[in-house]
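Structure assessment
Residue-level listing of the chains:
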Amino acid sequence: LGVMASIFVGFLIDRFGVEVCTAMTFIFGQLQMIILLIFSKSKIMVVASFFCYTMYRSTLYPVFIASLTSRLGFKYFGILLGIGFAVSGIAQLLMAPLENAVQGDCHLNTSDDNCFEGLWISLHFLQLSVLLALMIIPYMDYRSRLAREAAIRAYRARNNQGGIDVGLSLDEFYGSISERSA
């Protein structure tokens, strides 16, 4: 299922843009945390949470790569991608100690009396808070894209002679502004 999600998110990036897919990725992560917070005792909901996690992880990597290229281009793509995956790998190495720190001891006790359920709820609230805070990224990217498109339309309207649209690129637009200010 995750492989198909990666292919599908590539289509969605081409169709709707990186901002929409970034928000969709964060929403999958938030859904997983919300399901774990509210329905942690239900086995079927834990499976639903795992489905959301699978979708989150499967969409995260294509969105990361698309965001990297759309923001920074391809000049340093290899090193930046390597740094991103190295940070991800280091974070993944910290998952086992984190799990040991938050787990309880109820799975060790045969009776339900006086067992410690762990700090999972606190961890899930922290994760949900981070994912909610990250939602500012696609919102700011969307606003920035709208502002760039409006500036290009205004530039084209001012400089379009004879009604022929030459298809000005962002580089040409920004180059023309810097030439004017110099």
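Everything quoted here is computed from the prediction, not taken from an experiment. (Residues numbered from 1 in each chain as written. Predicted model: local features only at pLDDT ≥ 70, side-chain atom pairs only at ≥ 80, totals over all residues. Heavy atoms only, no water.)

**Regarding helix α6 (residues 120–134)**
Definition in use: Numbering of helices and strands runs from the N terminus, with a helix taken as a DSSP run of H or I at least four residues long and a strand as a DSSP run of E at least two residues long. Under the convention used throughout, the expected extent of a helix is 1.5 Å for every residue step, that is, one less than its residue count. Only heavy atoms enter the contact rule, under which two residues are in contact if any of them lie within 4.5 Å.
End to end, α6 covers 21 Å across 15 residues, agreeing with the expected 21 Å (1.5 Å per residue, within 8%). Where the residues of α6 are buried, they touch α2 (18–38), α3 (43–72) and α5 (95–102).

**Let's talk about the pattern of salt bridges**
The test is simple: Salt bridge, as applied in this entry: a Lys or Arg side-chain nitrogen positioned within 4 Å of an Asp or Glu carboxyl oxygen. The buried label applies to any residue whose accessible area, calculated with a 1.4 Å probe on protein chains only, is under 20% of its type's maximum; exposed applies above 50%, and partly exposed to all values in between.
This model, assessed by the stated rule, comprises three salt bridges. Residue aspartate 141 pairs with arginine 71 through a salt bridge whose shortest N-O separation is 2.4 Å. Taken together, the residues span a long stretch of sequence, with aspartate 141 in helix α7 (residues 136–159) and arginine 71 in helix α3 at a distance of 70 residues. A salt bridge links glutamate 149 to arginine 145; the shortest N-O distance between them is 3.1 Å. Of this pair, glutamate 149 and arginine 145 both sit in helix α7, four residues apart, roughly one helical turn. Judged by its relative accessible area of 23%, arginine 145 falls in the partly exposed class. Counted as one network, the salt bridges with shared partners bring together Glu19, Arg145 and Glu149.

**Some details on the packing of α2 against α6**
Put simply, the rule reads: For helices, the axis comes from a line fit to the C-alpha atoms of the stretch in contact; other axes are also lines fit to C-alpha atoms, and the angle between any two N-to-C directions lies between 0 and 180 degrees. In these notes the angle categories are as follows: under 35 degrees is roughly parallel, over 145 is roughly antiparallel, 65 to 115 is roughly perpendicular, and the rest is oblique. Left-handed describes a crossing whose near helix is turned anticlockwise from the far helix through less than a right angle; right-handed describes the clockwise counterpart. The classification used treats Ala, Val, Leu, Ile, Met, Phe, Trp, Tyr, Cys and Pro as nonpolar, Asp, Glu, Lys and Arg as charged, and all other residues, Gly among them, as polar.
Packing of α2 against α6 leaves a shortest axis separation of 9 Å and a crossing angle of 155 degrees. As far as their axial angle goes, α6 and α2 are roughly antiparallel. Between α2 and α6 the crossing geometry is left-handed. For the pair formed by α2 and α6, the contact residues are Phe26, Gly29, Gln30, Met33, Ile34, Leu36 and Leu37 on the first element and Ile121, His124, Phe125, Gln127, Leu128, Leu131, Leu132 and Leu134 on the second. Residue composition of the contact of α2 with α6, by class: eleven nonpolar, four polar and no charged.

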